[in-house]
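Residue-level structural notes
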Amino acid sequence: MLGKGRIAALGFQHVLAMYAGAVIVPLLIGGALGFTSAQMTYLVSIDIFMCGIATLLQLTMNRFFGIGLPVVLGCAVQAIAPIILIGEQYGIGAIYGSIIVSGIFVVLIAPFFSMVVRFFPPVVTGSVVTIIGLTLIPVAINNLAGGQGSADFGSLYNLGLGFGTLFVIILVYRFGRGFSKAIAVLIGLVAGSVFAGIYRGISMQPVVDAPMFHMPTPFYFGMPTFNWAAILTMILIALVSMVESTGVYFALSDITKRKLEKSDLTKGYRAEGLAIILGGVFNTFPYTAYSQNVGLVQLSGIKTRKVIYVTAGILIVLGLLPKVGAITTIIPTPVLGGAMVAMFGMVVAQGIKMLGKVNFTSQENLLIIACSVGVGLGVTVVPDLFKVLPDFIQLFTSNGIVAGSITAIVLNIIFNIIPHRKEKEVVEPARMDV
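Residues numbered from 1 in each chain as written. Predicted model: local features only at pLDDT ≥ 70, side-chain atom pairs only at ≥ 80, totals over all residues. Heavy atoms only, no water.

- Under an unreviewed UniProt entry, the chain has the name Purine permease and belongs to Listeria rustica.
- UniProt lists a comment for the chain under the heading Sequence similarities (unreviewed entry), and it reads "Belongs to the nucleobase:cation symporter-2 (NCS2) (TC 2.A.40) family."
- Quoted straight from UniProt, the Subcellular location (unreviewed entry) entry for the chain says "Cell membrane". (UniProt positions renumbered as here; feature names shortened; annotations may be inferred.)

Listed below in structure tokens is the structure:
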């Protein structure tokens, strides 16, 4: 039985696992669209606040929404480029108008989308989860080296700090007992940050500059406008996020040993749709299930929703108190990278575990796995592979996770769902020449 203190620590560990990924979305979008410092402060704070609200929607099970798995929701990374494009072409109002409509679309389509559960057998879900983990590894490695584009990228200091954090996590997991093993990632993050603070110091300027209190304001950037091109783009992104979330749902169902029914998926999609609608109203972004927290659930072995409720609560508080929330932003990038290597690696391991249920005597299944993983990693390594295709097609091909997932789904339909007429071998009687 977990005590309140341990549940709180585990919840905070989940916050640290997803925080960097969550704040990078508003930072990139706001920076690209030329937001002021005050606007950026609001954008980051309300984003974290809405991550907590979106997570609560998924945790709360009722007849209409909530999948009830230990899932954490955050900003959909695949929405960054399209949102910047919409903002530049049609204005800020069009961003949030399209997000609201896409959320309504997700809520409406949820009952029908859940009917595709038969299209996600272990060969597909295992491939998708494996692809998710593999495509996230480069992110972890870049952070471990200091962050892509940083002046000291790959320096001995960064490598030592990143791998040192990873080594601490491994040591705690190997020699720790009980609760200490469960919060191995948190211990590693704290140890790495303390060492960085002692050795080089950590700038507290982000905390000084942040306001003490923040109040969520609907339509902070103005009333939404509705443009069909923007709406269609965001609907496509929402469909992509639903596919990605499906893989996360099945990964967590496998970890928690809970079989998902069609009704569960429907409520999960509806919760995601509601979160997207609220994101548009409060001027944040589309939300989706975060795969990095799946690795943390697997790594810690703690599967109770109580921990994620605490995570949601912490996110909401951090969103209301930007000065407090800014403390988590001072964790050095290499420290985060070292922890990410362990967490994202566990996502890969979970995917391989799910693939263990696949019939590997079937050459078709081997081909599904080979092609989907190959395409997913290929697009991740060479993101400009499909740049000559129309923009709306690139929404599905510019992201390795999406491209690999679609490949797995399509090949599974071809090989395992569409009826095949097996050709019967006809042996003609031997002819005797006289």
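The rest of the description comes next.
So, helix H8 (residues 184-199)
- With 16 residues, H8 extends 22 Å from end C-alpha to end C-alpha; this agrees with the ideal 22 Å at 1.5 Å per step.
- Positive backbone phi, approximately 85°, marks Gly 201, located one or two places after H8. (Helix = DSSP H or I, 4+ residues; strand = E, 2+ residues; numbered from the N terminus. Expected span 1.5 Å × (residues − 1).)

Examining the pattern of salt bridges
- In this structure the tally under the stated criterion is three salt bridges.
- One salt bridge connects Lys 357 with Asp 254, and the closest N-O pair in it is separated by 2.6 Å. Taken as a pair, Lys 357 in the loop between helix H15 (333-355) and helix H16 (363-381) and Asp 254 in helix H10 (residues 228-256) lie far apart in primary sequence, 103 residues in all.
- Between Arg 258 and Asp 264 there is a salt bridge, and its shortest N-O distance comes to 3.2 Å.
- Here Arg 258 falls in the partly exposed class, since its relative accessible area comes to 22%. (Salt bridge = Lys/Arg side-chain N within 4 Å of Asp/Glu carboxyl O. Buried < 20%, exposed > 50% of the residue type's maximum accessible area, 1.4 Å probe, protein only.)

Notes on the environment of Ile 235
- By secondary structure assignment, the location of Ile 235 is in helix H10.
- Through-space distance from the C-alpha of Ile 235 to that of Gln 363 is 36 Å; in sequence the pair is 128 residues apart.
- When sequence neighbours within four positions are dropped, the list of residues in contact with Ile 235 reads Ser 102 and Phe 105. (Contact = heavy atoms within 4.5 Å.)

Observations regarding the environment of Ile 137
- Looking at where Ile 137 falls in the secondary structure, it is placed in helix H5 (residues 122-144).
- Contact partners of Ile 137, with chain neighbours within four places excluded, come to Val 341, Phe 344 and Gly 345.

Here we look at the side chain of Thr 130
- For Thr 130, the location among the structural elements is in helix H5.
- In this structure Thr 130 comes out as buried when scored by relative accessible area, which is 7%.

Considering the state of the cysteines
- A complete count under the given rule lists zero disulfides for this structure.
- Of all cysteine sulfurs in the structure, the one in Cys 51 sits closest to Cys 75, which takes part in no disulfide; the separation is 4.9 Å. (Disulfide = S-S within 2.5 Å.)

A word on the confidence of the model for the chain
- Per-residue confidence for the chain averages 83 on the pLDDT scale, and 92% of its residues sit at or above 70.
- Low confidence marks residues 423-434, where pLDDT is under 50. Its contacts with residues over four positions away, or in another chain, come to zero contacts. (pLDDT = per-residue confidence, 0-100.)

Quick notes on a nonpolar patch on the surface
- A grouping of Ile 406, Val 410, Ile 414 and Ile 418 is seen on the molecular surface, where their side chains present a nonpolar patch of about 280 Å² in accessible area.
- Topologically, Ile 414 is positioned in helix H18 (residues 400-417). (Patch = residues over 30% accessible without salt bridge, like charges linked within 9 Å, V, L, I, M, F, W, Y side chains within 5 Å. Areas by Shrake-Rupley, 256 points an atom, 1.4 Å probe, with all protein chains shown as cover.)

Regarding the packing of aromatic side chains
- The full count for this structure, using the stated rule, is 10 aromatic pairs.
- Here the aromatic rings of Tyr 42 and Tyr 220 are separated by 3.8 Å at their centres, their planes lie at 5°, and the arrangement is stacked. Here Tyr 42, found in helix H2 (residues 37-59), pairs with Tyr 220, found in the loop between helix H9 (205-209) and H10; they are 178 residues apart in sequence, far enough to count as distant.
- The class of Tyr 42 is buried, set by a relative accessible area of 3%.
- What makes Tyr 220 partly exposed here is its relative accessible area of 34%.
- Geometrically, the ring pair formed by Tyr 220 and Phe 221 is edge-to-face, given 5.0 Å between the ring centres and 85° between the ring planes.
- Members of the aromatic cluster, joined through ring pairs, are Phe 35, Tyr 42, Tyr 96, Tyr 220 and Phe 221.
- For Arg 174, the ring lying beneath its charged end belongs to Phe 175, and the centroid distance is 4.8 Å.
- Seen from the ring of Tyr 157, Arg 200 lies directly overhead, with NZ or CZ sitting 3.8 Å from the centre. (Phe/Tyr/Trp six-rings, centres within 6.5 Å; stacked < 30°, edge-to-face > 60°. Lys NZ or Arg CZ within 6 Å of the ring centre and 35° of its normal.)

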